[in-house]
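# Close look at the chain arrangement
Listed below are the residues making up each chain.
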Amino acid sequence: MLSIPRHSLVARLARNRTLFPAVSSRWKSSSVPSEKQPDDEFDSGGIKISTKPSHHRLEKRAPFMKNMFIGVVDTDLLVYPESLNRDEQSRVVAERDTLEAVVKSGESKESLAEKLRQAGVFGLQSPLNHGGKQLIETELAYFNELVGSKDFATGLIAGQHNAIVQLLNRFGSDRLKDSCLEALSSGNSTVASALFEEEAPCGTMFSTIASQDADRNQWLLNGTKSFVINGDKAGYLLVLASTKAMEQMNAQDTTITAFLVDAQAKGIKKTEATETFGLEDVKQVTVSFENVEVGSENIVGTEGSGAEVLGELLKSTRVQTSVLGVQLMKQFLSSLIKHCIETKTGGGHIMDIENVGEELAKSACSIYAAESMIYLTTGLLDDFVGQDADMEAAITKAFTAEKLMEMAIQPLRFVGPQALTKGHPLEALFRNSVQFFGQSETIDSVKFFVALSGLQHAGMATHETIRKDRNPAMNPSHVISKMFEKNTIDSPKQFVNLEHFLHPSLDPAAHWIEFSIQRLRLATECVLSRHGSEVVGRHIELIRVADMAVLIYAMLATATRASRAYCIGLRHAEQEIYLANTFCHEGHEKVRVLAKQLEQGQFITTDANYLSLSRYLYKQKEYFFEHPLTKNF
């Protein structure tokens, strides 16, 4: 740990008393509500419209995590967000308390799900004039904590429902909104996303095709979508399909379009529920479309804008489903702590075993980090207009899913075989965790998105440096200057003095985060210089780059949250400081190893050896080594 002289510490503490309010005001000013509006008002048609104070947003800032790839840190965002002011906080806490009273009154899973629907969980992000609450992302996450802790299945269904309703309100035509938002906001009808396809398309992003019938101003939808959660009960389906205009019928399709489809439309066929290891309370069906007629007014957005709609959908669902993942992690940890306290072994209680305690402490660190990342990301989305936070949302989902799966197997180590007994609480948590990990998208695909987004951003910002690196013979002076550069992956240098923006007790964490950001920048430059545009096919290195970004964002979220907690005097703040320093130390070591592997390349690491072995496995089509007892004489 880095030591701080006593006289320096006293001076820093005095300075921070004035520093933090000044810095935090740059972020918190985004949550100042508009002037108080009346509780009820009427439009010209006599329709009652509930109102709430507007959540003001600041101007868009440069992307936070993408800039880490080029070593640029927006220090104004290093204060943990307080997106809700006192009035907003009081209102949302009161509304959640009301919902919690409803949750506690539920007697069975069926009655609980129905009471949640009646309480309005399917209208949390619906517009006010359609009976919704129009919550911002931070408020929605706060509500989803409660829903997810009581009914994971309903939380998963309502999560995708609310995200799609928000898309309809933003991108849908007036005719489309008038026809369905009222029913969707009340929960009388639900909407499910139909995205996943088992068969890989050829030449298109989706094998589901929408062909235009220009004469009738309609589209004909053909294809199959799999693993549609709640697809048997949903009244509407959000379908993404490859689209071709009439004059392009024989050309390769390069565009996708989002459609809202009536689930009862002619030509739609739903198969029996797909049996999976995950959720038991919710059915996942396969939906087939055969010449299903969809009106042009049912396009969400515009023709060919499906990629934008998909991006917005994924950004919201990645963050909000992470809230559900954190609730599963908390339930796991609480159950394991109770088991360790109450269960005895031959030498005493399980709680006296050191390695068990270490694993539980690491789990607590993971939960704290994931929770911190969620509300840091929602703060970026809520407090800045059109903020580019796609990478932050993806990082949050990847971190939460991986840490949840690590925790899900702990009962097999601490509890034993009874943890998988049918009906055991830990068995249900394990099932839900597996469902969460594999839901909608693979974690590797999320990491590829993180890495490629960061590398693309870095490539555009540093293209001149990369060009010189890739042509050393034509740029000898550049090569010589690189040889004498003192800032290396082995010995990174400070460049922004992050300790000035955190509480002095977090000096160690600040230094480790800063070194990690430097290593990410240097590793990014190294990878781009080595591979150029061919980096897209270097999947092992892409995963390493993504893992570095995930760790850095987790470290930043953890340290800034702990700093805020200590400065405002929250309970257990001392333990938060201790946790943050510990987490950042471990994260820094992992980043150092990953950066060094990226610098060395596949021929110095074991990557090339494993790739060669994998090719031989594909050739033999099975495990091919001879049995250890086989003789050759």
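Residues numbered from 1 in each chain as written. Predicted model: local features only at pLDDT ≥ 70, side-chain atom pairs only at ≥ 80, totals over all residues. Heavy atoms only, no water.

With an unreviewed UniProt entry as reference, the protein chain is termed Very-long-chain acyl-coa dehydrogenase, source organism Aedes albopictus. Quoted verbatim from the Subcellular location (unreviewed entry) heading of the UniProt record, the comment on the protein chain is "Mitochondrion". Its UniProt record gives the protein chain a comment under Sequence similarities (unreviewed entry), which states: "Belongs to the acyl-CoA dehydrogenase family." (UniProt positions renumbered as here; feature names shortened; annotations may be inferred.)

A few words now on the overall build of the protein chain. A tally of helices and strands in the protein chain yields 18 helices and 12 strands. Of all 633 residues assigned to the protein chain, the portion counted as buried reaches 51%. Taking all contacts inside the protein chain whose residues are at least 6 apart in sequence as the whole, residues at least 24 apart take part in 76%. Summing over all exposed atoms, the protein chain offers an accessible surface of approximately 30,700 Å²; the carbon and sulfur share of this is 53%. (Helix = DSSP H or I, 4+ residues; strand = E, 2+ residues; numbered from the N terminus. Buried < 20%, exposed > 50% of the residue type's maximum accessible area, 1.4 Å probe, protein only. Contact = heavy atoms within 4.5 Å. Areas by Shrake-Rupley, 256 points an atom, 1.4 Å probe, with all protein chains shown as cover.)

Moving on, we come to the side chain of Glu-525. Tracing the chain through its elements places Glu-525 in helix α15 (residues 507-531). Sequence-distant contacts of Glu-525, that is, excluding residues within four places in its chain, are made with Thr-465, Ile-466, Asp-469 and Lys-482.

A few words on unusual backbone geometry. The residue Asn-230 is not glycine, and still its phi comes out positive at about 65°. Here Asn-230 is to be found in the loop between β5 (218-229) and β6 (236-244).

This paragraph deals with the pattern of salt bridges. One pass over the full model with this rule turns up 32 salt bridges. Its salt-bridge partner being Arg-592, residue Glu-589 comes within 3.3 Å of it at the nearest N-O pair. A residue pair is termed a helical-turn pair when its members lie 3 or 4 positions apart in one helix, as Glu-589 and Arg-592 do in helix α17 (residues 573-600) at three residues. Relative accessible area serves as the criterion here: at 34%, Arg-592 is assigned to the partly exposed category. One salt-bridge network, in which partners are shared between bridges, spans Arg-170, Glu-312, Lys-315 and Asp-390. (Salt bridge = Lys/Arg side-chain N within 4 Å of Asp/Glu carboxyl O.)

Tallied over the full model, the rule gives six aromatic pairs. With 5.5 Å between their ring centres and 75° between their planes, Phe-196 and Phe-227 make a pair best called edge-to-face. Linking Phe-196 in the loop between β3 (191-194) and β4 (209-213) with Phe-227 in strand β5, this pair joins segments that are 31 residues apart in sequence. Residue classification places Phe-196 among the partly exposed residues on the basis of a relative accessible area of 37%. (Phe/Tyr/Trp six-rings, centres within 6.5 Å; stacked < 30°, edge-to-face > 60°.)

What follows deals with α15. Taking 1.5 Å of rise per residue, the 25 residues of α15 would be expected to cover 36 Å, and the 36 Å separating its terminal C-alpha atoms lies within 8% of that figure. Counting buried positions along α15 gives 23 out of 25 residues, so the element sits mostly inside the fold. Positive backbone phi, at 60°, marks Gly-532, one or two positions downstream of α15. (Expected span 1.5 Å × (residues − 1).)

Turning next to a nonpolar patch on the surface. On the surface, a nonpolar cluster with roughly 560 Å² of combined accessible area is contributed by Tyr-610, Leu-613, Leu-617, Tyr-623 and Phe-625. You can see Tyr-623 is positioned in the segment after α18 (607-620). Tyr-623 gets classed as exposed once you look at its relative accessible area, which sits at 64%. (Patch = residues over 30% accessible without salt bridge, like charges linked within 9 Å, V, L, I, M, F, W, Y side chains within 5 Å.)

Turning next to the nonpolar core. Of all hydrophobic cores here, the largest spans 122 residues; its most connected members are Met-65 and Ile-395. Looking at this core, the element that brings in the most residues is helix α16 (residues 539-568), giving 15 residues. (Core = buried A, V, L, I, M, F, W, Y, C linked by side-chain atoms within 4.5 Å.)

Below, the discussion takes up the pairing of β5. Bridge count for β4 against β5 is five bridges, and the pairing is antiparallel. What sits directly across from Ser-211, in β5, is Leu-220. Bridging between β5 and strand β9 (residues 284-295) involves nine bridges; their strand directions are antiparallel. Following the sheet pairing, Thr-224 is matched in β9 by Ser-288. (Pairing = 2+ DSSP bridges.)

One can describe the packing of helix α9 (residues 390-408) onto α16 by two numbers: an axis separation of 10 Å at closest approach and a directional angle of 95°. Overall, the two elements α9 and α16 adopt an arrangement that is roughly perpendicular. For the pair formed by α9 and α16, the contact residues are Glu-392, Ile-395, Thr-396 and Phe-399 on the first element and Ala-549, Val-550, Tyr-553 and Ala-554 on the second. A breakdown of the residues in the contact of α9 with α16 according to their chemical character gives six nonpolar, one polar and one charged. (Axes fitted to C-alpha atoms, helices over the stretch in contact; angles between N-to-C directions. Parallel < 35°, antiparallel > 145°, perpendicular 65-115°, else oblique. Nonpolar A, V, L, I, M, F, W, Y, C, P; charged D, E, K, R; others polar.)

Another point: the packing of helix α8 (residues 354-383) against α16. Two numbers describe how α8 lies on α16: the axes approach to 8 Å, and their chain directions differ by 85°. If you check the angle between α8 and α16, you find them roughly perpendicular. Residues Tyr-368, Ala-369, Glu-371, Ser-372, Met-373, Leu-376, Thr-377 and Leu-380 of α8 form the contact with α16, whose own contacting residues are Val-550, Tyr-553, Ala-554, Ala-557, Thr-558, Arg-561 and Ala-562. Of the residues belonging to the contact of α8 with α16, the class tally is 10 nonpolar, three polar and two charged.

Okay, α9 next. Across its 19 residues, α9 extends 27 Å between first and last C-alpha, which sits within 8% of the 27 Å expected from 1.5 Å per residue. Burial within α9 is extensive, with 15 of its 19 residues counted as buried.

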